[in-house]
Amino acid sequence: MQNPGSAGKWTARHLDASGAAHRAIHVPPSQSPAQFLGKEHQVLAVSDPALCRTSGLLQGRRMGAARGPVEVGTHDLSDWSSCEGRRDSHRADLVGARLRRWRRGSALLCSQAVGSCCCKCSNVFNLIPRRQTEESQSLEAHHLQGQREGLPLSEGDGHLDTCRIPEVPRLLYPKAQLLKPSRVDVLVMTPWFAPIIWDGTFDSAILDAQFRDTTIGLTVFAIKKYVVFLRLFLETAEKYFMVGHKVTYYVFTDRPADVPQIALRAGRQVVVLHVGSYRRWQDISMHRMEMISNFSRQRFLHEVDYLVCLDVDMKFSDHVGVEILAPLFGTLHPVFYAADRQSFTYERRPLSRAYIPRDEGDFYYAGGFFGGSVPEVYRLTTACHQAMAADQAQGIEAIWHDESHLNRYLLSHKPSKVLSPEYLWDEQMLQRPPLLRKLRYVAVPKNHGEIRNR
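What you are looking at is a predicted structure, and each value in this text was computed from that prediction instead of being measured. (Residues numbered from 1 in each chain as written. Predicted model: local features only at pLDDT ≥ 70, side-chain atom pairs only at ≥ 80, totals over all residues. Heavy atoms only, no water.)

Colleague: Just checking my understanding: could you explain helix α8 (residues 401–412) for this structure?
Modeller: Structural remark: α-helix, 3.6 residues per turn; residues separated by three or four positions point the same way. Here α8 lies mainly inside the structure; 10 of its 12 residues are buried. Every buried residue of α8 is accounted for by His-401, Asp-402, Glu-403, Ser-404, His-405, Leu-406, Asn-407, Tyr-409, Leu-410 and Leu-411. (Buried < 20%, exposed > 50% of the residue type's maximum accessible area, 1.4 Å probe, protein only. Helix = DSSP H or I, 4+ residues; strand = E, 2+ residues; numbered from the N terminus.)

Colleague: Mind showing me how you'd approach the sheet that holds strand β15 (residues 365–373) here?
Modeller: As a general point, the strands of a sheet are linked pairwise by backbone hydrogen bonds and lie either parallel or antiparallel. Taken in spatial order, the 8 strands of this open sheet run β8-β16-β14-β15-β12-β9-β10-β11, and their pairing is mixed. Where the open sheet ends on each side, the last strands, each with one partner, are β8 (196–197) and β11 (268–274). Both strand β14 (residues 328–332) and strand β16 (residues 417–419) contribute to a ladder of 3 bridges, which runs parallel. Its bridge partner lying in β16, Gly-330 is registered against Val-418. Running over the sheet, helix α7 (residues 374–393) touches β12 (306–310), β14 and β15 and is turned about 135° from β15. (Pairing = 2+ DSSP bridges. Contact = heavy atoms within 4.5 Å. Axes fitted to C-alpha atoms, helices over the stretch in contact; angles between N-to-C directions.)

Colleague: Is there a simple way to explain the confidence of the model for the protein chain in this structure?
Modeller: Interpretation of the predicted coordinates at a detailed level should be avoided for regions scoring low in pLDDT. On average, residues of the protein chain score 75 in pLDDT, and 62% of them reach the 70 mark or higher. Within the model, the stretch residues 104–127 combines pLDDT values under 50 with 75 contacts to residues more than four positions away or in other chains. Note that residues 133–162 has pLDDT below 50 and, in this model, 60 contacts with residues that lie over four places away or in other chains. (pLDDT = per-residue confidence, 0-100.)

Colleague: I keep staring at the pairing of β12 and nothing clicks. Help me out?
Modeller: Each regular strand shows side chains that alternate between the opposite faces of the sheet. Counting buried positions along β12 gives 5 out of 5 residues, so the element sits mostly inside the fold. Along β12, one buried face is formed by Tyr-306, Val-308 and Leu-310 and the opposite face, lined by Leu-307 and Cys-309, is buried too. One ladder, built from 5 bridges, connects strand β9 (residues 215–222) with β12; its direction is parallel. Counterpart to Leu-218 in the pairing with β12 is Val-308. In the sheet, β12 pairs with β15 via 5 bridges, with the strands oriented antiparallel. Paired with Val-308 across the strands is Gly-371, a residue of β15.

Colleague: Is there a simple way to explain the pattern of salt bridges in this structure?
Modeller: Working definition: two side chains of opposite charge can pair if their charged atoms are close together. Tallied over the entire structure, the rule returns 13 salt bridges. The salt bridge involving Glu-347 is made with Arg-349; its shortest N-O contact spans 2.8 Å. Judged by relative accessible area, Glu-347 falls into the buried class, the value being 2%. With a relative accessible area of 40%, Arg-349 lands in the partly exposed category. Residues Arg-379 and Glu-376 are paired through a salt bridge, measuring 3.0 Å at the closest nitrogen-oxygen approach. You can see Arg-379 and its partner Glu-376 sitting in helix α7, 3 residues apart, about one turn around the helix. Connected through shared salt-bridge partners, Asp-199, Glu-422, Lys-438 and Arg-440 make up one network. (Salt bridge = Lys/Arg side-chain N within 4 Å of Asp/Glu carboxyl O.)

Structure below.
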């Protein structure tokens with residue numbers, strides 16, 4: 001990156017710990033950000049180039065630059081320090097020392113940047129999104145409805161939610177052994193540095209402390225006869241899902257009167273969302289994306305931090321906690337987790353928006369367990385709904401409906417966490433392999449023909 005010189009003016013927005021903007025800080029044209037950042041009263045630290053813009057540290061942009069916003073990152077500081085080191089080497093050394101201390105203390109690694117101003121906060125290190133305050137709700141809603149709907153979703157800004165590194169209280173836990181990995185029988189990291197979550201790869205005590213102020217929304221669709229699965233679903237969720245955390249169960253149903261009353265833990269609630277029904281189960285499945293998108297914009301954005309989108313004809317059978325949370329996560333399909341990509345049942349017709357060629361694909365993700373931060377789920381579901389609408393206009397229905405479009409989206413928008421088949425399994429259809437130490441969320445025996453068509 002070039003020195004701004006006189007071609008433009010840098011502005012920096014200082015954010016406090018809550019994510020609120022204190023003031024705009026104008027950097028004089030005669031000073032680089034490297035020099036300017038040394039002034040103790042103006043900034044806390046410098047954002048890494050891979051860190052999302054709303055991380056609560058620094059937002060910098062060059063006003064009047066032809067190519068739009070330019071991030072102020074650590075690599076930029078190195079360039080400026082080398083150019084101006086002779087003039088102010090002492091100041092550069094101070095900035096460098098601060099950056100090194102910040103890096104060691106934060107232990108932060110972010111996923112790939114998208115364009116020059118957009119990146120995903122990797123929840124490998126558990127960045128917690130902050131919901132909008134009442135003062136910012138109308139502005140954010142307008143931004144979602146206006147700017148984002150007018151742009152391709154992949155070209156928008158980074159997360160609307162503010163990411164922060166939470167303070168963890170003093171805890172006693174076993175030290176991780178760098179040369180003795182907990183799992184050597186399975187892949188635990190994707191090629192894009194997203195962790196794959198298996199039993200033995202995380203410490204729940206640490207994660208619970210990091211996510212202690214987080215509210216999780218769970219969406220589930222109980223349409224037509226599927227409402228019969230709701231009681232077992234909710235009862236087992238109360239036993240195993242996000243225990244100790246605030247949870248809102250969003251139940252989409254055409255039969256509100258049939259939603260069972262169950263005892264809930266403190267800080268948890270059931271919200272019934274009355275929606276219409278459709279004649280075919282395929283239509284119900286595909287319209288889930290549309291309904292999650294609409295409600296994300298209307299209310300989820302302001303009520304919860306994360307969304308977990310699940311099938312209702314399942315039950316929890318073991319711990320499912322905050323280890324799954326990330327800006328965007330998907331779950332390996334239990335049938336295809338060990339298969340090669342040519343065996344995946346992707347949509348193979350080029351005319352469909354869900355099309356994936358046979359020489360492409362990372363994993364096959366299940367449509368019954370995905371989620372992320374509310375802004376990311378909003379983008380995912382909106383994109384899938386728009387793609388399905390475009391297919392429908394051409395008389396095309398993807399082979400596995402919304403699941404096909406989900407896989408298309410997650411191919412081009414790599415998830416920041418991937419859940420192993422522990423988180424979605426069918427004991428009636430599949431034999432449990434030794435690598436699955438736990439089965440956390442399993443299918444309930446049923447007659448598909450009886451349930452789907454009535």
